[in-house]
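# A look at the structure
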Amino acid sequence: MDDQFKKLTSHCKEYGFIFQSSEVYDGLAAVYDYGPYGVELKNNLKAYWWRAMTQAHDNIVGIDSAIFMHPKTWKASGHVDAFNDPMVDNKDSRKRYRADQLIEGYMEGLENKIQKEVTKAARRFGDTFDPEMFLATNARVLGYQEEHGRVRERLAKAMTNGDLEALGEMITDLGIACPVSGSRNWTEVRQFNLMFSTQLGNIAGEEGKLYLRPETAQGIFVNFLNVQNTTRQKLPFGIAQIGKAFRNEIVARQFIFRMREFEQMEMQFFVQPGTELDWYAYWKEARMKWHNALGFPTEKYRYHDHDNLAHYANAAVDIEFEFPFGFRELEGIHSRTDFDLSAHQELSGRKIQYFDPESNTSYVPYVVETSIGLDRLFLAVMSHCLQEETVPDSKGKDATRTVLKLPPALAPVKCAVLPLVKNKPELTEKARSIFNSLKFAFPCQYDEKDAIGRRYRRQDAIGTPFCVTVDFETLTDGQVTVRERDSLAQKRVAIEAVEHMVSSQTDLKSMLTG
């Protein structure tokens, strides 16, 4: 898995998907820039989410709120007082870790031990092996499961109560060592606030203190009445937003999975009190269907219910994806009750309520939230789609190719136009003409450098689903050879038919309506 992840990060840089930020100055830790192909893929993922929310639902609208907000916003939301992570330092390595993540790592170790036992038993018993029976009866596995349950229960209780001492005791009791030094010489667990702060203009001190927003949701909540009044929406309705958020993560790691500057795609769905859990169940299922429409194996996803709920929630679940480093959170669905709107109403002194014409009453709506990290989605897509496979070369011998098997609608480049050879003006002029006729229909690329085989391999590596080759026969029959990325199938197509063929197979509509 480590080797796979290294290949992924290397590929992202080599082919212009992701660069280390400020690399000429040796980089800035946990901050990344998206390159030419990365920004196209990222924009396609945004479009897929945005259209699925706002075009597929006539009761969901979008906004784009400011990054800077009044400081009282974060007081009302609880971020000033409670947006903390429990941190612990190892005295020997001088590395800092999140205490809960160290304990979760211990639990993952137990899960890995269980899986190893299952794998060994499967090899031993062959076709007669019953995994469910084995998990329910094997003494060693049952011991691991029992320990996992005890640790999970203790962790949930400590996190719910904000009991830092209990977290420290768990690290000691479980004998958790520093991943770097192997030492168990830990400091006490303490809280660390994750918000970045800055100053407003030339006003120093607390009066001029502003925060970079740690989430995009609050911009939706404070605009609830503005949006509802101007769009004349009736409950239930949603407000969607894509935007940057900032968290001063001490333990930023695993490439773009956890960063200090990241992008969120969130939708807050406002409902009548008492109906929130029904809508929570609806969005839990709807969001999984959206992920499955990417075409990835269903076993790459799983639900994970929260053991310790946030102070504002009465239900919460994560959709987890199997990254190269294991299952991790990709999207969260939360029933936030009326906490946010009520808190802003109380602190601002302004009425933030919905008037229900059917019951002739006003009330504070409840909220169901769906929140997905765009950068994490990008990483999930890249980690699954980047593959190495054996294919026949031009001489019929086996060769290895690196191919990015992106869903065609998400590919940064939809079609590459390639003259068979470079030094023949009649071919390059014809190829240029075809490229110019296609480039406004979809993202297209012209390439005449290197042998045709090498150009195919480069397009495979950036995920281009179709390559159009202009050869000498094109000059007489008006047809080109279209090569399909995944199957490697080639067929002759009339020049005037290329645009429709590529457009029909790379349109987001197929993913949205499939």
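Rules used throughout
- Residues numbered from 1 in each chain as written.
- Predicted model: local features only at pLDDT ≥ 70, side-chain atom pairs only at ≥ 80, totals over all residues.
- Heavy atoms only, no water.
- Helix = DSSP H or I, 4+ residues; strand = E, 2+ residues; numbered from the N terminus.
- Buried < 20%, exposed > 50% of the residue type's maximum accessible area, 1.4 Å probe, protein only.
- Contact = heavy atoms within 4.5 Å.
- Areas by Shrake-Rupley, 256 points an atom, 1.4 Å probe, with all protein chains shown as cover.
- Pairing = 2+ DSSP bridges.
- Right-handed = clockwise from strand over helix to strand, strands pointing away.
- Patch = residues over 30% accessible without salt bridge, like charges linked within 9 Å, V, L, I, M, F, W, Y side chains within 5 Å.
- Salt bridge = Lys/Arg side-chain N within 4 Å of Asp/Glu carboxyl O.

## With respect to the overall build of the protein chain
When helices and strands are counted, the protein chain shows 18 helices and 23 strands. A total of 514 residues make up the protein chain; the buried ones form 48% of that total. Of all intrachain contacts in the protein chain linking residues separated by at least 6 positions in sequence, the fraction that spans at least 24 positions is 65%. For the protein chain, the exposed area adds up to about 25500 Å²; of that, 48% sits on carbon and sulfur atoms.

## So, the pairing of strand S19 (residues 415-419)
Within S19, five of the five residues are buried, which leaves the element mostly enclosed by the surrounding structure. Both faces of S19 are covered, namely the face carrying Cys 415, Val 417 and Pro 419 and the face carrying Ala 416 and Leu 418. Sheet topology note: the S19/strand S20 (residues 444-446) ladder contains three bridges and is parallel. Looking at S20, one finds that Val 417 is bridged to Tyr 446. Handedness of the β-α-β unit built from S19, helix H14 (residues 425-438) and S20 comes out right-handed. In terms of strand pairing, S19 meets strand S21 (residues 466-470) through five bridges, oriented parallel. Its bridge partner lying in S21, Ala 416 is registered against Cys 467.

## Examining unusual backbone geometry
Residues Leu 235 and Pro 236 are joined by a peptide bond in cis, for which omega reads -5°. A positive phi angle, near 75°, is found at Asp 450, a position not held by glycine. Within the element layout of this structure, Asp 450 appears in the loop between S20 and helix H15 (452-462).

## Regarding a nonpolar patch on the surface
Taken together, Leu 420, Phe 472 and Leu 475 make up a surface patch of nonpolar side chains, about 230 Å² in accessible area. Its place among the elements puts Leu 420 in the loop between S19 and H14.

## Considering H15
The complete set of buried residues in H15 reads Ile 452, Arg 455, Tyr 456, Gln 459, Asp 460, Ala 461 and Ile 462. Looking at the residues trailing H15, positive phi occurs at Gly 463, about 90°.

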